[in-house]
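Given next are the chains, with one letter for each unit.
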Amino acid sequence: MNWNSLLSPWLWAPLLAVPPAVIMLYFLKLKRQPLEVPSTYLWLKSIEDLHVNSLWQKLRQSLLLFLQLLILLLAIIALLNPTWQEQKLSGNHLIFLVDNSASMGATDVGPNRLEEAKRQINALIDEMTSDSEAMIISFSDDAQVEQNFTSSRRQLRERLASIQLTNRPTSLAEALQVASGLANPGQAAFDSSDQLVAEPVPAALYIFSDGRFPEVRNFALGNLDPVKYVPIGEPDAANIGIVSFTTQRGEKPGQLQAFARLENYGATEVTVELTLLREGNLIDASQLKVPPGDSAATAFELGEIEAGALELRAATGDKLAIDDVAYASINPPQRSKVLLITPGNEPLQFALATTRAEQLLELTIEPVDYLKAEAYRNQAAAGAFDLVIYDRCVPVNAQDATKPGELPQANTLFVGVLPPGDAWKADAKVDIPQIIDTDRSHPLMNLIEMGNVLIYEGTPLKPPPGSTVLIDSNAGPMFAIGPREGFEDAVLGFEIVGEGHYRTNWWFQQGFPVFAMNLVNYLGSRQVEAVAGSSTPGQPVALRSLVKPDKIAVITPAQKRMEVPRGRQNLYTFHDTQQLGVYRVLEADTETQRFVVNLFDGAESDIRTRPDQPIKIGHTDVAGESGWEVSRRDGWKWLLMLALGVLLFEWYVYNRRVYL
Amino acid sequence: MSTTSVPLLSPELLAQLEQMELVSRKVFRGRMKGERRSKRKGQSVEFADFRPYVAGDDLRFIDWNLYARLEKLFLKMFMEEEDLHVYVLIDASMSMDFGEPSKLRYAKQLAGSLGFVGLCRADRVKIETLGQPLRTPGPVLRGRRNLWRMLDYLDGIEAGETATLSEGVKNFCLRNPGKGIVVLISDLMDKHGYEDALRYLVARQMDAYVIHVLSAEELEPDLKGDLRLVDSEDSDIAEITISVPLLKRYKQTLAAFIDGARSFCMKRGMAYMLAQNQLPVEQLMGNYLRQRGLVR
């Protein structure tokens, strides 16, 4: 039992004066109404008779007084706010880590897990003594200090109430970093003699989470002691979640397929109704049996859909709703822009002009002189092309011919030459290098057989670090691809056509048009994917634009319009991806692309808590305090209820004139 | 409450009362010849008894027929017709001025009714209040032409007399030494008790009737809450908190009070009757008093 007075001492004085006042008023008998009667003879006789047991009679007479005093007493005790069954909080500094990741939205306890956590923290805040301070940090995959150390319980409660559920995955590491910033200031300072080093503030750490986060390695708790982990949620909470939902172009052009995979984290097999909606209209539905502890997948044939937002809903009826819906989006088809600068390359031009290629790309062929034109420089700098193929020519520096030319804001393929600059180097030319290996796993070399390809003359390449060798010969790499600030440069060490002769027999083999297609598909792949990419909530999304305006607009699933300014490398980085759903990108008020945000996180979907399994922080195992119900039972509510009951009884007694 | 525009006795009531006659269980001698047989044998047409002749008797009353048969002288005795003295004693204390109609008005109605019956039978009717000053006795009325005098006198009676019950009765007895019927109309609410007063009446050998008038408010009090009751007569204060046990106790006290008065009267040969002010006078006169034998 503990008393936490709700009133300041000087407010108690008038309150404590109320009972004597009531008694005084009662004995003043202000309430007796005078009434003239013929004779008090019989009344006096009656009273005399009753006065025989006068003490009892007095008790009866003043029952109302006693009831009133009882009500007052109850009210006063209620104001003293007695509490019981409380946990002792250790330490004067407390840090509450509140998990507000997606899985905390599970409704297996309370309204949801986050609210349950808030309730428990509120109970702890109530227990705080006046000289203790607390800090609140909310964390998902990112930690946020909701409230710095303060002793104001009101402020703590307000800030606690303001914590919102997020759709993000969980990571404890950052929250621990933030929490330890104050407890272990030495870790942040450079030297122990540093004047800025603050006194370490030992603090008790309370982690309220469902425990679904990767274990934290390389973290020393230091002054964070003790650490208590309060698992929120049911250990056997069953849940089924969509862990994957993608769309792919089928084998036939234009045909789209959607694939969904569901995982069952429960102990029983569940049959789930899946409904697929396009722009809000039902287009397909199916049933899927998901065995316990396993996953099941299904596919939807979408037919020829040019564009649209897809929404997959799983009627699971489980405790976590956020993973029962997934989104995908198909962007309107756009052809990639390819610039081929060549003195003349019939096989390549032919391979890039097939019917299939025409569907995929928009080819511009320019002579070598075009490199010197102003139009080229502008286009290259503005990134007007997705892929630029330099056939036996390199970009030149218009201002100073001695300096290397600038590479365009696009992926490039250099045929028979090295890109300008120092990154790429090559050995001396060798005759007839023998191809000994190709990297077939790379998309560029997909489905290409190079076994009987002869090369008349080749330059063994020395690609920059981080590059991938795609064709290796006995003399050295003949084809490699390397990264460059968000783009990729591919360099072919041999010419296809040179000085009126074919320098390889590759071009008349089946592999060559396939290579050309790979080239277009991979390097010339649209900056805007045909099938919109999916990102996780809270992660920034980098958007590209063809026209590169100063800013683009993003319409969130909640139909909120947000402006995104152009950033470095013509990237538009959009950060506000908290909501799940389809985001539309507008350029000059025209929708150009979409992207979707999905949870797709098995750790979040698996909402079973593991109270018996400790969480690992560095080398410390923190056991879940199972059944550790931090709750302070507030007495005032019950006391007020009781007082209300007594008041009702008093009213009844007064009205019915019933005394015992 | 003492005066109202409604006449004290309605014509219907008067018509009803004309048929009635006051009955005395004891036949009393009046001073004047009335319409009533007396115990005293006298000169009337109604035969009463025979008795042997003794010297000095009036020869006119000798039954000669009997002498012829028996050769003995017998004197024929006749009933003497006498008047009856009817006294109505009204308690006009403050406590009577309660109720609707007030107990006093009710008492006056009763007194008027009884008085009228007496007047019709040429009885000697005298109405007095308990607080009647010794030196100014109430008017003595006889004959129905005095009805209006009686009603005027009754109208003039106001509540507010302060004499106690016993004092009033004692004074009445001193003033009226004769015998007769006395009807005491009172609520008997006297803190000094009613017993002394009734004993005086008994002692006078009068044919005494006690009509105990109580108002409905006294019989079934409709009170609520915490009250300070003020006695209308002596301003005595009783602080009560109305409760079910108290009301129960009050009713028990009231019943004991009524029973006490009734048994006190019965033991002493007095007739007791409880009259509630809600009971119409016509009904009381026609049924109840007739049953009790006061009127016929």
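One can find the structure itself at the top, above this paragraph.
Residues numbered from 1 in each chain as written. Chains lettered and ligands numbered in written order. Predicted model: local features only at pLDDT ≥ 70, side-chain atom pairs only at ≥ 80, totals over all residues. Heavy atoms only, no water.

A. Broad picture of the packing of aromatic side chains. Residues and elements named next belong to chain A. Tallying each qualifying case throughout the model produces 20 aromatic pairs over all chains. Ring centres of Phe96 and Tyr206 lie 5.7 Å apart, and the angle between their planes is 45°; on these two criteria the pair is classed as tilted. Highlighted residues: Phe96 in strand 4 (residues 93-99) and Tyr206 in strand 7 (residues 203-209), separated in sequence by 110 residues. Exposure class is identical for Phe96 and Tyr206. Each is buried. (Phe/Tyr/Trp six-rings, centres within 6.5 Å; stacked < 30°, edge-to-face > 60°. Helix = DSSP H or I, 4+ residues; strand = E, 2+ residues; numbered from the N terminus. Buried < 20%, exposed > 50% of the residue type's maximum accessible area, 1.4 Å probe, protein only.)

B. A look at unusual backbone geometry. Residue B:Glu100 is joined to B:Pro101 through a cis peptide bond whose omega torsion reads -5°. Within the secondary structure, B:Pro101 is located in the loop between strand 3 (85-90) and helix 3 (103-120). Its identity as a non-glycine residue notwithstanding, A:Leu447 has a phi of 60°, on the positive side. Positionally, A:Leu447 belongs in the loop between strand 22 (435-438) and strand 23 (457-458). Relative accessible area serves as the criterion here: at 71%, A:Leu447 is assigned to the exposed category. Phi is positive for B:Leu188, which is not a glycine, with a value near 60°. Counting through the fold element by element, B:Leu188 comes out in the loop between strand 6 (181-186) and helix 6 (195-203). Relative accessible area serves as the criterion here: at 0%, B:Leu188 is assigned to the buried category.

C. Geometry of the pairing of strand 25 (residues 468-473) of chain A. Residues and elements named next belong to chain A. As paired strands, strand 22 and strand 25 are joined by 3 bridges and run antiparallel to one another. Looking at strand 25, one finds that Asp437 is bridged to Asp472. Of the pairings in the sheet, the one linking strand 25 to strand 26 (residues 477-484) comprises 4 bridges and is antiparallel in character. By the bridge assignment for strand 26, Thr468 is matched with Ile481. (Pairing = 2+ DSSP bridges.)

D. The interface of chain B and chain A, seen in detail. Counting residues at the interface gives 36 residues for chain B and 25 residues for chain A. Carbon and sulfur atoms make up 66% of the surface buried where chain B meets chain A, a total of about 3,200 Å² over both sides. Counting the surface chain B buries against chain A, the share from its top three residues, B:Asp226, B:Arg228 and B:Tyr250, is 17%. The interface formed by chain B and chain A includes 0 salt bridges. Among the secondary structure elements, those contributing two or more residues to the side of chain B that touches chain A are strand 8 (226-231), strand 9 (237-241) and helix 8 (244-267) of chain B. Here the side of chain B that touches chain A gets 9 residues from one element, more than from any other, and that element is helix 8 of chain B. For the side of chain B that touches chain A, the per-class residue count stands at 18 nonpolar, 6 polar and 12 charged. Here strand 2 (residues 33-37) of chain A pairs with strand 8 of chain B via 5 bridges, running parallel. The partner of A:Val37 across the bridge, within strand 8 of chain B, is B:Asp231. (Contact = heavy atoms within 4.5 Å. Buried area = accessible area lost by both parts, 1.4 Å probe. Salt bridge = Lys/Arg side-chain N within 4 Å of Asp/Glu carboxyl O. Nonpolar A, V, L, I, M, F, W, Y, C, P; charged D, E, K, R; others polar.)

E. Quick look at a nonpolar patch on the surface. All names here are of chain A. Together, Met24, Leu25 and Leu28 make up an exposed nonpolar region whose accessible area comes to about 320 Å². Positionally, Leu25 belongs in helix 2 (residues 18-28). Its relative accessible area of 47% is what places Leu25 among the partly exposed residues. (Patch = residues over 30% accessible without salt bridge, like charges linked within 9 Å, V, L, I, M, F, W, Y side chains within 5 Å. Areas by Shrake-Rupley, 256 points an atom, 1.4 Å probe, with all protein chains shown as cover.)

F. Focus on the side chain of A:His442. If you trace the backbone, A:His442 turns up in the loop between strand 22 and strand 23. If we ignore the near neighbours within four places in the chain, the residues touching A:His442 are A:Leu470, A:Ile481 and A:Tyr522.

G. Region of interest: the sheet that holds strand 6 (residues 143-150) of chain A. Residues and elements named next belong to chain A. If you trace the 5 strands from one edge of the open sheet to the other, you get 6-5-4-7-8, paired in mixed fashion. Two strands lie at the open edges of the sheet, namely strand 6 and strand 8 (224-231), each paired on one side alone. Averaged over neighbouring strand pairs, the angle between their axes works out to 15° when direction is ignored. Pairing geometry for strand 7 and strand 8, over 6 bridges, is parallel. Opposite Tyr206, over in strand 8, you have Lys228 as the bridge partner. Seen against the sheet, helix 7 (residues 153-161) touches strand 4, strand 5 (133-139) and strand 6 and runs at an angle of roughly 170° to strand 6. (Axes fitted to C-alpha atoms, helices over the stretch in contact; angles between N-to-C directions.)

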